[in-house]
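# Residue-level structural notes
Residues per chain are reported as follows:
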Amino acid sequence: MSLPLSYCTPDEVRTVWLTQLSTSDEPALAPICATASRFVEIVSNRRFWTTTGDETKSFDVPPRRGIYSAGAYYGYETFDPGMDIAALTTLNLAESSIKATSGTFATISTGDFYLQPADRPDGWPATHIALTDEYSGTYNSSAPFTWFMPGRRTVQLIGRFGWNTTSIGSTTFPQEIRVVTAEVASQLWRMRQAGFSNTANVNELGVVTIPRSLSPMAREILERYTRPTSR
């Protein structure tokens, strides 16, 4: 399991955004960079990093109106786990909450599901899973798994979640997120000096205004990266 990734470094915040600081301030900047990174995740509803190894996560499927009987299964053909999928190793589905509780899952063949959307931009993660309309796998179950069945913990995913990178220096890491995070971190540092005031005396710079909202550019960038969800 990897630790959460900071999307900017104390050094780049100091040398680009807070040039009045010295290297001795970098230890104090480190937790601010981490806090700014978590703020970006909250606003965008996604994390821009993944773990080095697979994680196992279980998900509920919301109820759906309709008839449930031995001859008819009314579920969902697509499923949004509420988080990005960098890579999916195993998809396990249960017929019901009771089956899920007892650990009775069917492992779905890789040819019977798709990570969606198919036309996502290069480097972007999948946001949901779609089952094939004509399955090819053989499943030891009374139900053909062409549906995500409603119930508690009926979907189990084994894979890596979030953005498919473990380094902000990676070619797959969105560098504009790095810039936005550094902007947020610099604002947090200045607000630390300003307290609850809108002005602060910052070394030789005199009295400066402390912005308490993101710049228009940063807002547009985060809006573009905000994760859609159906949950």
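In the block above lies the structure referred to throughout.
Since this is a predicted model, take the numbers as computed values, not measurements.

Rules used throughout
Residues numbered from 1 in each chain as written. Predicted model: local features only at pLDDT ≥ 70, side-chain atom pairs only at ≥ 80, totals over all residues. Heavy atoms only, no water. Core = buried A, V, L, I, M, F, W, Y, C linked by side-chain atoms within 4.5 Å. Buried < 20%, exposed > 50% of the residue type's maximum accessible area, 1.4 Å probe, protein only. Helix = DSSP H or I, 4+ residues; strand = E, 2+ residues; numbered from the N terminus. Contact = heavy atoms within 4.5 Å. Phe/Tyr/Trp six-rings, centres within 6.5 Å; stacked < 30°, edge-to-face > 60°. Polar contact = N/O pair within 3.5 Å; in protein donor to acceptor, adjacent residues only side chain to side chain. Salt bridge = Lys/Arg side-chain N within 4 Å of Asp/Glu carboxyl O. Pairing = 2+ DSSP bridges. Axes fitted to C-alpha atoms, helices over the stretch in contact; angles between N-to-C directions. Parallel < 35°, antiparallel > 145°, perpendicular 65-115°, else oblique. Nonpolar A, V, L, I, M, F, W, Y, C, P; charged D, E, K, R; others polar.

## Some points on the nonpolar core
Formed by 28 residues in total, the largest nonpolar core has its most connected members in Tyr-7, Val-13, Phe-48 and Ile-177. Breaking this core down by element, the ones donating at least two residues are α2 (26-44), α4 (175-194) and α5 (216-225). Considering every element that reaches this core, the biggest residue donor is α4, with 6 residues. Setting aside anything within four residues of it in sequence, one finds Phe-48 in contact with Leu-5, Tyr-7, Val-40, Glu-41, Trp-163, Thr-165, Phe-173, Pro-174, Ile-177 and Tyr-225.

## Quick look at the packing of aromatic side chains
Scanning the model with the defined rule gives 10 aromatic pairs in all. Consider the rings of Phe-48 and Trp-163, whose centres lie 5.3 Å apart with planes at 40°: the pair is tilted. Remark: Trp-163 occurs in the loop between β7 (151-161) and α4 and Phe-48 occurs in the loop between α2 and β1 (55-61); sequence separation between them is 115 residues. Just as Phe-48 is buried, Trp-163 falls in that class too.

## A short note on the side chain of Glu-41
Tracing the backbone shows Glu-41 in helix α2. For Glu-41, a relative accessible area of 15% gives the class buried. At 3.1 Å, the side chain of Glu-41 forms a polar contact with the side chain of Trp-49. Not counting chain neighbours up to four residues away, the residues in contact with Glu-41 comprise Tyr-7, Arg-46, Arg-47, Phe-48 and Trp-49.

## Here's the deal with the pattern of salt bridges
In total, this model carries 13 salt bridges according to the counting rule given. Between Arg-178 and Glu-12 there is a salt bridge; the shortest N-O distance is 3.1 Å. Pair noted here: Arg-178 is in helix α4 and Glu-12 is in helix α1 (residues 10-17), with a separation of 166 residues, a long-range link. Among the salt bridges present, the one from Arg-227 reaches Asp-80, with a minimum N-O distance of 3.1 Å. Of the two residues, Arg-227 sits in the segment after α5 while Asp-80 sits in the loop between β2 (78-79) and β3 (85-93), which places them 147 residues apart along the sequence. We classify Asp-80 as buried; its relative accessible area is 9%.

## As for the sheet that holds β7
Strand order in the open sheet formed by 4 strands is β1-β7-β3-β4, with antiparallel pairing between adjacent strands. Looking at strand neighbours, the two that pair on one side only are β1 and β4 (106-107), the edges of this open sheet.

## Describing the packing of α1 against α2
Look at α1 against α2: their axes get within 8 Å of each other, and the N-to-C directions meet at 105°. Considering the angle they form, α1 stands roughly perpendicular to α2. Mapping the contact onto sequence places Pro-10, Asp-11, Val-13 and Arg-14 in α1 and Glu-26, Leu-29, Ala-30 and Cys-33 in α2. For the contact of α1 with α2, the per-class residue count stands at 5 nonpolar, no polar and 3 charged.

## Thoughts on the sheet that holds strand β6 (residues 128-131)
A sheet is described by the order of its strands in space; here 3 strands give the open sequence β2-β6-β5, paired in antiparallel fashion. Lying at the two open borders of the sheet, with one neighbouring strand each, are β2 and β5 (113-116). The pairing of β5 with β6 spans 4 bridges and is classified as antiparallel. In the strand pairing of β6, Phe-113 is matched with Leu-131.

All we've got here are geometric facts, nothing functional implied.
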